[in-house]
Amino acid sequence: MSWASPEDTYLSTSLASYLDRKLLVLLRDGRKLLGILRSFDQFANAVLEGACERAIVGDLYCDIPLGLYVIRGENVVLIGELDVEKEELPPHMRRVSTDEIRRAQKAEREASDLKGTMRKRMEFLDLD
């Protein structure tokens, strides 16, 4: 007995054309994963081989290796095939180490938090 509806089955079978191809998977939390699709099921759960997380902060980027990675289908926003023949990033992007990208992510997060804090403090002014 299958719990999947015909629409779910159609969605997951469309992933069959991506088997053994390099993909970019965008997750609900904003992470971007790259890897080779090795398996999937009717719920769009997927297995990526040689997966890495592409972290981008401004003009800096880093591919953080994850290895064999299982993705729960409900967390997937977008799946697309990558053209391995083309350059994946614009030329102005600079590859950095994992430590450096983590520091940049932390600084970006702190700046965002500060901006939110300042906005809350200024709400009482009602400038409209």
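The following paragraphs examine the structure supplied in this document.

Analysis parameters
Residues numbered from 1 in each chain as written. Predicted model: local features only at pLDDT ≥ 70, side-chain atom pairs only at ≥ 80, totals over all residues. Heavy atoms only, no water. Helix = DSSP H or I, 4+ residues; strand = E, 2+ residues; numbered from the N terminus. Buried < 20%, exposed > 50% of the residue type's maximum accessible area, 1.4 Å probe, protein only. Contact = heavy atoms within 4.5 Å. Areas by Shrake-Rupley, 256 points an atom, 1.4 Å probe, with all protein chains shown as cover. Pairing = 2+ DSSP bridges. Axes fitted to C-alpha atoms, helices over the stretch in contact; angles between N-to-C directions. Polar contact = N/O pair within 3.5 Å; in protein donor to acceptor, adjacent residues only side chain to side chain. Salt bridge = Lys/Arg side-chain N within 4 Å of Asp/Glu carboxyl O.

Observations concerning the overall build of the protein chain
The helix and strand inventory of the protein chain stands at 2 helices and 6 strands. Secondary structure elements of the protein chain occur, N-terminal to C-terminal, as α-β-β-β-β-β-β-α. Classification of the 128 residues of the protein chain by burial places 26% in the buried group. Relative to all contacts within the protein chain whose residues are 6 or more apart in sequence, the contacts with residues 24 or more apart total 50%. Of the roughly 9300 Å² that the protein chain leaves accessible, carbon and sulfur atoms contribute 53%.

A short note on the pairing of strand β1 (residues 22–27)
By the alternation rule, side chains of β1 split into Leu23, Val25 and Leu27, which are all buried, and Lys22, Leu24 and Leu26, of which none is buried. From the end of β1 to the start of strand β2 (residues 32–40), which pair antiparallel, there are 4 residues, and Gly30 there has a positive phi angle of about 95°. As defined by bridge partners, β1 adjoins strand β5 (residues 76–81) across 5 bridges and the pair is classed as antiparallel. Directly across from Leu23, in β5, lies its bridge partner Glu81.

Description of the sheet that holds strand β3 (residues 46–57)
Spatial strand order, β5-β1-β2-β3-β4-β6: 6 strands in an open sheet with mixed pairing. Unpaired on one side and paired on the other, β5 and β6 (94–95) mark the two borders of the sheet. Along the sheet, helix α2 (residues 98–122) makes contact with β3, β4 (60–71) and β6, crossing β4 at roughly 100°.

Considering the pairing of β4
Regular strands have side chains that alternate between both faces of the sheet. Bridge count for β3 against β4 is 10 bridges, and the pairing is antiparallel. Its bridge partner being in β4, Val57 is matched across the sheet by Leu60.

Focus on unusual backbone geometry
One non-glycine residue, Asp20, lies in the positive phi region at around 65°. Tracing the chain through its elements places Asp20 in the loop between α1 (6–13) and β1. Even without glycine at this site, Ala44 takes up a positive phi of about 65°. As for its position among the elements, Ala44 is in the loop between β2 and β3.

Describing the environment of Gly73
Turning to its location among the elements, Gly73 is positioned in the loop between β4 and β5. Along the sequence, Gly73 and Phe43 sit 30 residues apart, while their C-alpha atoms lie 5.7 Å from each other. Those residues in contact with Gly73 that lie beyond four places of it in its chain are Phe43, Ala44 and Asn45.

Some remarks on the side chain of Asp63
Residue position: Asp63 is located in strand β4. Polar side-chain contacts of Asp63 include one of 2.6 Å to the side chain of Arg54. Excluding residues within four positions of it along the chain, Asp63 makes contact with Cys52, Glu53, Arg54 and Arg95.

Here we look at the pattern of salt bridges
Taken as a whole, this structure holds 8 salt bridges when the rule is applied. Between Asp63 and Arg95 there is a salt bridge whose closest N-O contact spans 3.7 Å. Placement of the pair is Asp63 in strand β4 and Arg95 in strand β6, with a sequence separation of 32 residues. Look at Asp63 and you get buried, because its relative accessible area is 16%. Taken together, the shared-partner salt bridges connect Asp20, Arg38 and Glu49 into one network.

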